[in-house]
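Architecture at a glance
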There are 2 protein chains.
Amino acid sequence: MKMLINDHSSFVSESIEGLIKLRFESLRCHHDPLFVCRREITQGKVALISGGGAGHEPAHVGFVGYGMLDAACPGQVFTSPVPDQIQAAIKYCDSGAGSLLIVKNYQGDVMNFLIAANTSDKTTAMVTVRDDISAGDNESTRGLTGVVPLDKMLGAAAEAFWPLDQLVVLAEKIVSRSATMGLMLSAPGLPQSHSRNFDIQTDKVEYGVGIHGEHGRSLESLDQVDALVAKIMVPILEKLSKHQGNELLLLVNGLGATPIAELWLVYRAASNHCEALGYTAVRRLVGNYVTSLNAAGCSVTAVLMDEEMINLWDFPVDTAALAWQ
Amino acid sequence: MKMLINDHSSFVSESIEGLIKLRFESLRCHHDPLFVCRREITQGKVALISGGGAGHEPAHVGFVGYGMLDAACPGQVFTSPVPDQIQAAIKYCDSGAGSLLIVKNYQGDVMNFLIAANTSDKTTAMVTVRDDISAGDNESTRGLTGVVPLDKMLGAAAEAFWPLDQLVVLAEKIVSRSATMGLMLSAPGLPQSHSRNFDIQTDKVEYGVGIHGEHGRSLESLDQVDALVAKIMVPILEKLSKHQGNELLLLVNGLGATPIAELWLVYRAASNHCEALGYTAVRRLVGNYVTSLNAAGCSVTAVLMDEEMINLWDFPVDTAALAWQ
């Protein structure tokens, strides 16, 4: 597997250097310990801090900016950030209103964010993202592309100076109304190895994979995209049907190596499926947001929206990954 | 090569259906002959119409919308649109101020756009995009990612009701100040064949490739990204050095299968190279804009900007590919 890198040991730091050069007017990088943050801290605003392994770009460093995160702590590729990074980010961002830590529900991430929170003298709260419904909806449910709508809506509320406790309530509401499932055609390939982590047979698709290529719900035959997407949508809408309402944010996320034209096909199939069951995609997004280095495939996320959430989603945002006014 | 499609024969039409579902508030699809256009035609505005083979998404259908194109005519994968499509788009978009046809300099595209223009009873002008400098700067120079800044700046001028003749002058100015070169790590794979068009050896990189995987300037050893990008930047800046000025729009474009983190690394290298030679990237863009189905690699485009061009670049835009206010 060929890659556009200098050396695997400098991959994370140099890709972040590129991001900062691209958005130097609003972002800066704090070195040793490493985190990406806004240039300006808004006084009295709750800080939103996230992070996780690198290799999922633009997540999470590409979500830092007005209307989303205040800081993101990247680990090495597919590796949790360490508590020092998170603690330093909390200290940098704190302006008296506290920090909300947004953490995908992976053991290493949760542990290190907890250590940082518990050893910090600043006020913090933590929310775990648990949108992956491939193995049911329970405490060990992983965090996937659900971070995008979560960060976006929390980001809007934080800009509007919601206090920390209300942001926690909002976060739990959004997580409970979010469902994601992914499928993978080919596995991620990492800078360390220059080869794919594992093989998926040429006529198979891995259902319910995590973003590190963790084996998912089942290995199935590669079918037409409409059929593949239908199998994703059934459990997604089953989770959401526990709530009242039929207005969705529908998000199709590419794992990084899948062409945008194919993602438009996935969106078409997902949207058709929703419509047939009486759901309407009132907000829509297609692109590469939470990726898995060089993996081909996609995930679909649906969030059951209400008026408050729609207003928050529509709030201006200015990041590398999402930008609108 | 695995793909998320139903059938190769419906690939283009269904991917466009997905795009329209995603942006139905502003876009519609005209069927038979096929083109994508805005829902609303602005009276008295010159219409901007482009097109070309499918398989380069989001180009060009993803560039239709406020601030960029009025219509795009997609051919089949890597195949020119036919004159009927272009003629119908000209007729649909015409509001009395004429149409500017923006055509990448490929023989089939140029021929079919010319036939459409010559057999239309509407006023048209045509500009050919010739930004690829891999084989020197001459009449057969191909159009690559240079369409993005060209469509964007022309789109802004058209929204400001510039007349057709002034848009042609602007287009020629932008083309003469634009330079692109690409490199490919792995070749495109098409829905028809489910396999790559050709192989690039595991230790090689193809320099100066076209967006269909046409062989380029040279096959070279896969080196560190800084060295690879330097080889791209030398001929790019050589072309631009013929003009006064040192302010650039610097655009890193992914061919579709290359992770965004690697594109950030490419941006870092390109930006460093420019700075060392006294150029400043006053406007910056990194993403997948003109892709080559399932190909891995990138291209770098630099446009020498002046104040007029910067103002046009900063104009609001609302398309699937670019959106800001």
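Please refer to the structure placed before this passage.
All of the points below concern the structure found in this document.

Here is what the cut-offs are and how they apply
- Residues numbered from 1 in each chain as written.
- Chains lettered and ligands numbered in written order.
- Predicted model: local features only at pLDDT ≥ 70, side-chain atom pairs only at ≥ 80, totals over all residues.
- Heavy atoms only, no water.
- Helix = DSSP H or I, 4+ residues; strand = E, 2+ residues; numbered from the N terminus.
- Expected span 1.5 Å × (residues − 1).
- Buried < 20%, exposed > 50% of the residue type's maximum accessible area, 1.4 Å probe, protein only.
- Pairing = 2+ DSSP bridges.
- Axes fitted to C-alpha atoms, helices over the stretch in contact; angles between N-to-C directions.
- Contact = heavy atoms within 4.5 Å.
- Least-squares fit on C-alpha atoms with pLDDT ≥ 70 in both.
- Arc of directions from axis to C-beta.
- Salt bridge = Lys/Arg side-chain N within 4 Å of Asp/Glu carboxyl O.
- Buried area = accessible area lost by both parts, 1.4 Å probe.
- Polar contact = N/O pair within 3.5 Å; in protein donor to acceptor, adjacent residues only side chain to side chain.

**Quick notes on helix H1 (residues 11–22) of chain A**
All names here are of chain A.
- Given a rise of 1.5 Å per residue, twelve residues ought to cover 16 Å, and the 17 Å separating the end C-alpha atoms of H1 matches this to within 8%.
- The element H1 is extensively covered by neighbouring structure, given that ten of its twelve residues are classed as buried.
- Taken together, the buried positions of H1 are Phe11, Val12, Glu14, Ser15, Ile16, Gly18, Leu19, Ile20, Lys21 and Leu22.

**A few points about the sheet that holds strand E4 (residues 71–77) of chain B**
Residues and elements named next belong to chain B.
- Read from one edge of the open sheet, six strands run E1-E2-E4-E3-E5-E6, paired in mixed fashion. Each edge of the open sheet carries a strand with a single partner, namely strand E1 (27–30) and strand E6 (124–129). Neighbour-to-neighbour, the strand axes of this sheet turn through a mean angle of 25 degrees, independent of strand direction.
- Here helix H3 (residues 107–119) sits on the sheet and contacts strand E3 (47–54), strand E5 (99–104) and E6; the angle it forms with E5, its principal contact strand, is near 165 degrees.

**Some details on the relation of the copies chain B and chain A**
- Superposition record for chain B on chain A: RMSD 0.0 Å, screw rotation 180 degrees, translation along axis 0.0 Å. Here the symmetry operator amounts to a two-fold rotation axis. Judged by C-alpha distance, Ala257 of chain B is the residue of chain B that lies nearest the rotation axis, at 1.9 Å.

**Points about helix H5 (residues 164–176) of chain A**
Residue and element names in this part refer to chain A.
- Along its 13 residues, H5 runs 18 Å from first to last C-alpha, staying within 8% of the 18 Å computed at 1.5 Å per residue.
- Of the positions making up H5, those classed as buried are Leu164, Leu167, Leu170, Ala171, Ile174 and Val175. The buried residues of H5 occupy an angular sector of 130 degrees when projected down its axis, which confines them to one face. In H5, the exposed residues that point more than 90 degrees away from the buried face are Asp165 and Val169.

**With respect to the pattern of salt bridges**
- With the rule as written, the count across this model stands at 30 salt bridges over all chains.
- One salt bridge in this structure joins Glu275 of chain B and Lys21 of chain A, with 2.9 Å as the shortest N-O distance. In this pair, Glu275 of chain B sits in helix H7 (residues 260–276) while Lys21 of chain A sits in helix H1, so the two residues belong to two different chains.
- For Glu275 of chain B, a relative accessible area of 46% puts it in the partly exposed group.
- Ionic pairing is found between Lys45 of chain A and Asp70 of chain A, a salt bridge with its closest N-O pair at 2.8 Å. Of the two residues, Lys45 of chain A is situated in the loop between strand E2 (35–38) and strand E3 (47–54) and Asp70 of chain A in the loop between E3 and strand E4 (71–77); the sequence distance between them amounts to 25 residues.
- Judged by relative accessible area, which is 1%, Lys45 of chain A ranks as buried.
- When salt bridges that share partners are traced, they join Glu14 and Glu17 of chain A together with Asp226 and Arg268 of chain B into one network.

**A look at the interface of chain B and chain A**
- The partner chain A presents 56 residues to the 56 residues of chain B that form the contact.
- Together, the buried faces of chain B and chain A total about 4900 Å²; carbon and sulfur atoms form 61% of this surface.
- Counting the surface chain B buries against chain A, the share from its top three residues, Lys2, Leu4 and Trp264 of chain B, is 20%.
- Applying the counting criterion to the chain B and chain A interface returns eight salt bridges.
- Salt-bridge contacts for Glu14 of chain B lead to Arg268 of chain A; the nearest nitrogen and oxygen are separated by 3.5 Å.
- Put simply, chain B and chain A have 30 residue pairs in polar contact (both at pLDDT 80 or more) between them.
- Among the secondary structure elements, those contributing two or more residues to the side of chain B that touches chain A are helix H1 (11–22), strand E7 (178–186), helix H6 (225–240), H7, strand E11 (280–287) and strand E12 (296–304) of chain B.
- The biggest single contributor to the side of chain B that touches chain A is H7 of chain B, with eleven residues.

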